[in-house]
Amino acid sequence: MFTGLVQELGTVAALEPQADALRLSIRAPQTIDDARLGDSIAINGVCLTIAELDGDIFCADVMQESLNRTGLGQLTEGTRVNVEPALLPTTRLGGHIMQGHVDGTARLISRAHSEHWDVLRFSLPGTLAQYVVEKGSIAVDGTSLTVSAVGEDWFEVSLIPTTLRETTHGELQVGDVVNLEVDVLAKYVEKMLHLESGIPQAKD
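Definitions and limits used
- Residues numbered from 1 in each chain as written.
- Predicted model: local features only at pLDDT ≥ 70, side-chain atom pairs only at ≥ 80, totals over all residues.
- Heavy atoms only, no water.
- UniProt positions renumbered as here; feature names shortened; annotations may be inferred.
- Core = buried A, V, L, I, M, F, W, Y, C linked by side-chain atoms within 4.5 Å.
- Buried < 20%, exposed > 50% of the residue type's maximum accessible area, 1.4 Å probe, protein only.
- Contact = heavy atoms within 4.5 Å.
- Disulfide = S-S within 2.5 Å.

- Per an unreviewed UniProt entry, the chain goes by Riboflavin synthase and derives from Corynebacterium macginleyi.
- The record in UniProt for the chain states the following under Pathway (unreviewed entry): "Cofactor biosynthesis; riboflavin biosynthesis; riboflavin from 2-hydroxy-3-oxobutyl phosphate and 5-amino-6-(D-ribitylamino)uracil: step 2/2."
- The record in UniProt for the chain states the following under Catalytic activity (unreviewed entry): "2 6,7-dimethyl-8-(1-D-ribityl)lumazine + H(+) = 5-amino-6-(D-ribitylamino)uracil + riboflavin".

Here's the deal with the nonpolar core
- Leu 24, Ile 26, Ile 43, Leu 48 and Phe 58 are the most contacted members of the largest nonpolar core, which has 21 residues in total.
- Setting aside anything within four residues of it in sequence, one finds Leu 24 in contact with Val 12, Ala 14, Leu 15, Ile 43, Leu 48, Phe 58, Cys 59, Ala 60, Val 62 and Leu 75.
- Counting residues in hydrophobic clusters, the runner-up holds 20 residues, among them Tyr 131, Phe 155, Leu 159 and Val 178.

With respect to the state of the cysteines
- Scanning all chains against the criterion turns up zero disulfides.
- Cys 59 provides the cysteine sulfur closest to Cys 47, a residue in no disulfide bond, and the two sulfurs are 17 Å apart.
- Of the residues examined, Cys 47 reaches a relative accessible area of 28% and is grouped as partly exposed.

Right, here's the structure in full:
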């Protein structure tokens, strides 16, 4: 489990394409300080398992399912990524409960700058629209954010300087792809309502 509070901006150290997977090496000295083999770690919101440790670099294997559903396959050497280790029982829950199971991807449509914050507008896949509400929570590349506005096929978030500085969102350009994870509570509520009503649940 994760909270969406990014601990560190890591850097892609190497990518090793395999037949139906990808070996991803990330340089993240702060995070790796107390990491162990087998630990769960979120990279741009995708829950991965540490398979190898080497100095300030850890390696993880990304299976084809994750490559199909996320933007990890588009990473290149030197790209910065959001890194968050798994939640501990003693950790402050400053964001919202996240699983690191990406529901889909979106593109940055526009960004508007102001003196104290930036407003970023992202596309919203139709299969996820029912889970996104104004003032609700959403994870964008593993960062817990609050939806400030929402339309039929888009949503916006308003980001303070701290978020822009300490995550990859400050570097996003129009057209860039991001990973989305909607609030898992919304999905459970939807399922319970469908079970009560007897209406078949919509499938992706």
